[in-house]
Amino acid sequence: MASTTKTLVADVMTSPLETIAADASVREAAERMRDRNINALFVPGVDAGIVTTTDVVEAVADGADLEDATVADVMTAPVERITTAEELTEAAAMMTTFGIKHLPVIDADGDYVGMVSTTDLTTQLA
């Protein structure tokens with residue numbers, strides 16, 4: 001009998017979690033994403049959030065001053081999240097339901113430890 005192995009979020013997530021402060025400039029966020037070749041940064045804190053390349057593009061399109069505008073001004077908060085122990089199919093379902101491309105990942109202690117993205121899903125399924 002063949003065993004079916006379930007792929008867990010922990011198996012495909014990007015770790016360590018790339019972060020940026022809420023008071024950092026939008027320009028700094030854009031530079032960090034470019035330099036690390038990623039599309040999202042986690043914003044830790046009481047009002048945890050996420051800033052994505054889409055957020056940066058929208059800020060530019062809206063005429064924001066990239067030196068004065070902060071990550072807090074453009075980030076999405078609160079954010080959905082998923083645990084390391086969840087199956088990848090659950091992450092895919094959540095992304096579809098909420099219309100998002102990135103999910104911060106928490107461990108059993110509730111600490112943020114990684115990020116799973118639609119790119120991770122595509123790579124796993126390819």
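Scroll up a little and you will see the structure.
Here we summarise the structure given alongside this text. Note that this is a predicted model, so its numbers are computed, not measured. (Residues numbered from 1 in each chain as written. Predicted model: local features only at pLDDT ≥ 70, side-chain atom pairs only at ≥ 80, totals over all residues. Heavy atoms only, no water.)

### Re the pattern of salt bridges
And then number 1: Tallied over the full model, the rule gives 4 salt bridges.
And then number 2: A salt bridge links D35 to R34; its shortest N-O distance comes to 3.1 Å. Residue D35 shares its accessibility class with R34, and that shared class is exposed. (Salt bridge = Lys/Arg side-chain N within 4 Å of Asp/Glu carboxyl O. Buried < 20%, exposed > 50% of the residue type's maximum accessible area, 1.4 Å probe, protein only.)

### Focus on the side chain of S117
And then number 1: With respect to the element layout, S117 can be found in strand β5 (residues 112-117).
And then number 2: Overall, the relative accessible area of 10% leaves S117 in the buried class.
And then number 3: If we skip the residues at most four places from it in the chain, S117 touches M95, K101 and H102. (Helix = DSSP H or I, 4+ residues; strand = E, 2+ residues; numbered from the N terminus. Contact = heavy atoms within 4.5 Å.)

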